[in-house]
Amino acid sequence: MSNPDSPAPAPGRPVVLRGGTVLTMDDSHTVLTGADVLVVGDRIEAVGTALDVPGDTQEIDASGGIVMPGMIDTHRHMWQTAMRAYGADWTLTQYFVWYYLEHGKTFRPEDVYAGNLLSAWESLEAGVTTTVDWSHGLQTVDHAEAAVDALQAVPGRFVLAYGNIQAGPWEWTADKAVQSFLDRRRTGAGDLLGFQLAFDVTGDPSFPEKPAFEVARELGLPVTTHAGVWGATNDEGIRLMHEHGFMTPQNVYVHAATLTNDSYQRIAATGGSISVSTESEQSAGQGYPPTWQVCRHDIPVSLSMDTSVWWSGDLFSAMRTTLGADRAREHLEAHAKGETVTQARLRAEQVVAWATRGGAHALGRDDLGRLVPGAKADVVLIRNDRSPVSFPLLNPYGHVAFQAQRGDVHTVLVDGRVVKHEHELVGVDLAAVRRTVDATVDHLRAQLGEEQWQAGMNPPMPEDDEVLDNPYQYTEYKSDTTREARGTVFGEPGSGR
Ligand SMILES: [Zn+2]
């Protein structure tokens, strides 16, 4: 049983996690049982059994638990987290209308700050030690300052992917104030904060995004882009990027769900990676989660959560749902041909690798996403002695992908520092975070007015949503009277409330 009264290890002293099942995620994906992970400073010092450790080392009991690298989310619009779950029933079209066209402009710098602050703590709580903030709400440099301030107020590893949906990428990247912001905040930012540029390529044959890519090249910043999004971006964008020489190994293609083989081949040949947001693709409609075809092209994959306006920042969900989507498609396709899938292609081990090493690769950080000597000490211990789901621990990859959840995250280290200890975030003032978020919600709600606020959260039902006639009437279970009674309790089906 964990002892909630034991203090979090003091920063600066070595830490050893003792006696766990260690998923090293090294090049051979070595798994060690009853093993220790020693952290000295910001690095993994050693991994092995019965390690000798320096005299002042603080011990964390990892027995019965799984020690794995910190997870990496390569695409999340963190500024939207103050609207948590508001758009649970949205489609992508409704999201675009709400954020891009109608209400994105109402977010002030302090609202971007509030969303980022909440999202950043949420990451650490779930064992996501690195998060890419796909920050496309930066209408002014003040918004960008606020975004970075929030990320730096939380002891996690973050990448600010600078973006602005309120202007063309050729406009805001040319803005000297934006360029000098990037210069200034990168200088001395240290290892815990990286930068990218975030914009989409529409496929307009005149390729207006070209100057934005040139700025990225000039500044030495990777570009992350929503590619292959049904109804929004397509093969033309990929072709233009490729023919103009802007496809590099640093590029991250988010979703990449509605592309043809030609685009996948261009991505594969230029070394970029794909950020799969399965929960998002399944629910919002960017296209079918593309792991099944991306793997055939041997394109590197990382996982992401997209936005907490629908989903939470939790890569356990991403791993689980990615396995499910890939397998569901394979079964469905086989059944349509009257066949049966007898061997699963996508394995639990693979999605754990995508959530760790895959993210590190996407960010060009081979010192993350693995527990090997010399790597950065971003470490997660999954252990929950109070949970009947914590044992038996037979298949550690299967356990991480299908059994574990954020509440089982016992300890998190980022850069060698314990940021979650015995299931509690270290140094967070959640009441203060809540006040910050509440102020943003109050502001947005007042700006929209109550009617628009409610309408935004409760999109109408499709017109053709009807219950089919059933020729079998042998039971009273669905008699007219039962239906009527149900109707008075929950409202008429199809009314959209
Ligand atoms: Zn996105």
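Use the structure listed above.
What you are looking at is a predicted structure, and each value in this text was computed from that prediction instead of being measured.

S.K.: Sorry if this is basic, but what is going on with the coordination of the zinc ion here?
M.R.: Expected angles at a metal are 109.5 degrees for tetrahedral coordination by four donors and either 90 or 180 degrees for octahedral coordination by six donors. Here the zinc ion is held by H75 (NE2), H77 (NE2), H226 (NE2) and D306 (OD), and the distances to it run 2.1 to 2.5 Å. Given four donor atoms and angles of 81 to 173° at the metal, the environment of the zinc ion is assigned as irregular. Of note, the zinc ion draws all its donor residues from one chain, in the sequence arrangement H-x1-H-x148-H-x79-D. Taken as a pair, H226 in strand β10 (residues 223-227) and D306 in the loop between β13 (301-303) and α11 (315-336) lie far apart in primary sequence, 80 residues in all. According to the relative accessible area criterion, H226 is buried, its value standing at 8%.

S.K.: When you look at empty space enclosed by the protein in this model, what are you seeing that I'm missing?
M.R.: Leftover empty space is mapped by rolling, across the atoms, a probe with the size of a water molecule. Tallied over the full model, the rule gives four cavities of 30 Å³ or more. A volume near 90 Å³ is recorded for the largest cavity. Taken together, 13 residues line the largest cavity, and the ones lying closest to its centre are I382, R383, N384, S390 and H399. Classifying every residue of the lining of the largest cavity gives five nonpolar, six polar and two charged.

S.K.: Please clarify how the pairing of strand β2 (residues 31-40) should be interpreted in this entry.
M.R.: Residues in a regular strand project their side chains so that they alternate between the two faces of the sheet. By the bridge criterion, six bridges tie strand β1 (residues 15-23) to β2 in an arrangement that is antiparallel. When the bridges of β2 are listed, L23 appears paired with V31. Sheet topology note: the β2/strand β3 (residues 43-48) ladder contains five bridges and is antiparallel. The residue of β3 that forms the bridge with D36 is G48. A loop of two residues connects β2 with β3, the two strands running antiparallel in sequence, and G41 in this loop sits at a positive phi of about 65°.

S.K.: I keep staring at the environment of I238 and nothing clicks. Help me out?
M.R.: Mapped onto the secondary structure, I238 falls in helix α7 (residues 235-243). Each C-alpha atom, one on I238 and one on D262, is 9.2 Å from the other, the two residues being 24 residues apart in sequence. Discounting residues that sit within four places of it in the chain, I238 has contacts with A227, M247, Y253, L259, S263, R266 and I267.

S.K.: Would you mind showing me how to read the packing of aromatic side chains here?
M.R.: Two descriptors summarise a pair of aromatic rings, namely the distance from one centre to the other and the angle between the planes of the rings. Counted by the stated rule, this structure contains 25 aromatic pairs. Each ring, one from Y86 and one from W90, has its centre 5.8 Å from the other, and the planes form 80°; the classification is edge-to-face. What makes W90 buried here is its relative accessible area of 4%. Ring geometry for W90 and W98: centres 5.8 Å apart, planes at 40°, overall tilted. Just as W90 is buried, W98 falls in that class too. Ring-pair connections join several aromatic residues into one group, and the members of that group are W79, Y86, W90, Y95, F96, W98, Y99, Y100, F107, W310, W311 and W453. The ring of W292 has R329 sitting right over it, with the charged end atom 3.4 Å from the ring centre.

S.K.: Teacher, can you tell me more about unusual backbone geometry here?
M.R.: What you tend to see is this: most non-glycine residues have negative phi, and most peptide bonds are trans. The residue after F391, namely P392, is reached through a cis peptide bond having omega -5°. Within the chain, F207 stands out as a residue other than glycine whose phi angle is a positive 50°. Structurally, F207 can be placed in the loop between β9 (193-198) and α6 (210-219). Using a relative accessible area of 3% as the deciding quantity, one classes F207 as buried. At D298, a residue that is not glycine, the phi angle is positive and equals roughly 60°.

S.K.: Which parts of the structure should I look at to understand the pattern of salt bridges?
M.R.: Two side chains carrying opposite charge are able to pair once their charged atoms lie near each other. Taken as a whole and judged by the stated rule, the model has 31 salt bridges. Taking the shortest distance from any N to any O, the salt bridge between E125 and K420 comes out at 3.4 Å. Here the residue E125 occupies a position in helix α2 (residues 109-125), and K420 occupies one in strand β16 (residues 417-421), the gap between them amounting to 295 residues. What makes K420 buried here is its relative accessible area of 1%. Through salt bridges that share partners, D42, R43, R157, D191, R365, D367, K376, D378 and D415 make up one connected network.

S.K.: Please clarify how helix α3 (residues 141-152) should be interpreted in this entry.
M.R.: Each turn of an α-helix holds 3.6 residues, which means side chains three or four residues apart point in the same direction. Here α3 contains twelve residues, and its C-alpha end-to-end distance of 16 Å stays within 8% of the 16 Å for a straight helix at 1.5 Å per residue. On its buried face, α3 sits against α2, β7 (128-135), β8 (157-162), α5 (176-186) and β9. Backbone nitrogen of D142 and a side-chain oxygen of the N-cap are separated by 3.2 Å at the start of α3; the cap is T140.

S.K.: When you look at the packing of α2 against α3 in this model, what are you seeing that I'm missing?
M.R.: Two packed helices can be described by the angle between their axes and the distance between those axes. In the contact formed by α2 and α3, the axes pass within 8 Å of each other and the chain directions differ by 25°. In this view, α2 runs roughly parallel relative to α3, as classed from their interaxial angle. When the axes of α2 and α3 are compared, the crossing they make is right-handed. Between α2 and α3, the contacting residues are P109, V112, Y113, N116 and L117 on the first element and D142, H143, A146, A147, D149, A150 and L151 on the second. Residue classes in the contact of α2 with α3 are distributed as eight nonpolar, two polar and two charged.

S.K.: How should the layout of surface pockets be read in this particular structure?
M.R.: Put simply, the largest pocket is a space of about 460 Å³. Around the largest pocket, the lining is made up of 30 residues, and of these Y100, I165, F199, D200 and H226 lie nearest the centre. Contributions of two or more residues to the lining of the largest pocket are made by α1 (92-103) and α4 (169-172). Counting residues per element, the lining of the largest pocket draws most heavily on α1, at four residues. The class makeup of the residues in the lining of the largest pocket is 16 nonpolar, eleven polar and three charged. Counted as a void, the second largest pocket has a volume near 380 Å³. V159, P222, L363, G364 and R365 are the residues nearest the centre of the second largest pocket, which is lined by 23 residues in total. Among the secondary structure elements, those contributing two or more residues to the lining of the second largest pocket are β8, β9 and α12 (348-362). Tallied by class, the residues present in the lining of the second largest pocket amount to eleven nonpolar, eight polar and four charged.

S.K.: Whenever I open this one, the environment of P211 confuses me. Can you help?
M.R.: When you line up the elements, P211 lands in helix α6. The partly exposed category is assigned to P211, whose relative accessible area is 36%. Separated by 42 residues in sequence, P211 and P169 place their C-alpha atoms 8.3 Å apart.

Rules and cut-offs
Residues numbered from 1 in each chain as written. Predicted model: local features only at pLDDT ≥ 70, side-chain atom pairs only at ≥ 80, totals over all residues. Heavy atoms only, no water. Donors = N, O, S within 2.8 Å, 3.2 Å for Na, K, Ca; no water. Tetrahedral: all angles 85-135°; square planar, octahedral: opposite > 155°, others 65-115°. Helix = DSSP H or I, 4+ residues; strand = E, 2+ residues; numbered from the N terminus. Buried < 20%, exposed > 50% of the residue type's maximum accessible area, 1.4 Å probe, protein only. 1 Å grid on protein atoms, 1.4 Å probe; cavity = no way out; pocket = protein on both sides within 12 Å on 5 of 7 lines; lining within 4 Å. Points joined across faces, edges and corners; volume = space filled by probe spheres on them. Nonpolar A, V, L, I, M, F, W, Y, C, P; charged D, E, K, R; others polar. Pairing = 2+ DSSP bridges. Contact = heavy atoms within 4.5 Å. Phe/Tyr/Trp six-rings, centres within 6.5 Å; stacked < 30°, edge-to-face > 60°. Lys NZ or Arg CZ within 6 Å of the ring centre and 35° of its normal. Salt bridge = Lys/Arg side-chain N within 4 Å of Asp/Glu carboxyl O. Expected span 1.5 Å × (residues − 1). Polar contact = N/O pair within 3.5 Å; in protein donor to acceptor, adjacent residues only side chain to side chain. Axes fitted to C-alpha atoms, helices over the stretch in contact; angles between N-to-C directions. Parallel < 35°, antiparallel > 145°, perpendicular 65-115°, else oblique. Left-handed = near helix turned anticlockwise from the far one by under 90°.

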